[in-house]
Amino acid sequence: MDRIDAATTPLDVLCGDIVERYHAALHRSLPRIRSELAALCATSGSTALRNVRIAFDHLADQIEGHLAKEEHLLFPALAALADAKREGNRNPSMPFVELVH
């Protein structure tokens, strides 16, 4: 997908772009990096390398949790808002606490 203008692009399209562009790359890369670090640790007795693997595993777990929340909660909610706006309907209820000002 070409560069999109975040100021004029509907939310659901922006969310789809984020998933296709950035989330997909992380979903491919994180397991590969985990595997490579595990293989390195299996052939090395390095404590420093083991610590890097532990730190990376923790970071990867956090990133994967973040991606899951966006993909399964936030982005579908934003898509529902975009659909409601396009169709002239009321905003749907959200699966999380809403803050109003």
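A brief report on the enclosed structure follows. Just so it is clear, the structure is predicted and the values come from calculations on it, not from any experiment.

Cut-offs applied
- Residues numbered from 1 in each chain as written.
- Predicted model: local features only at pLDDT ≥ 70, side-chain atom pairs only at ≥ 80, totals over all residues.
- Heavy atoms only, no water.
- Axes fitted to C-alpha atoms, helices over the stretch in contact; angles between N-to-C directions.
- Helix = DSSP H or I, 4+ residues; strand = E, 2+ residues; numbered from the N terminus.
- Parallel < 35°, antiparallel > 145°, perpendicular 65-115°, else oblique.
- Left-handed = near helix turned anticlockwise from the far one by under 90°.
- Nonpolar A, V, L, I, M, F, W, Y, C, P; charged D, E, K, R; others polar.
- Expected span 1.5 Å × (residues − 1).
- Bend = angle between axes of the 7 residues up to and from the residue.
- Buried < 20%, exposed > 50% of the residue type's maximum accessible area, 1.4 Å probe, protein only.
- Contact = heavy atoms within 4.5 Å.

Two elements in contact, helix α1 (residues 11-43) and helix α2 (residues 47-87), have axes separated by 10 Å at closest approach and are oriented at 165°. As far as their axial angle goes, α2 and α1 are roughly antiparallel. Note that α1 runs across α2; the crossing there is left-handed. Grouping the constituent residues of the contact of α1 with α2 by class yields 21 nonpolar, two polar and 11 charged.

Another aspect to go through is α1. End to end, α1 covers 47 Å across 33 residues, agreeing with the expected 48 Å (1.5 Å per residue, within 8%). The sharpest bend along α1 reaches about 35° and sits at H23. Listing the buried residues of α1 in full gives L14, C15, D17, H23, L30, L37 and C41. Against the buried residues of α1 lie α2.

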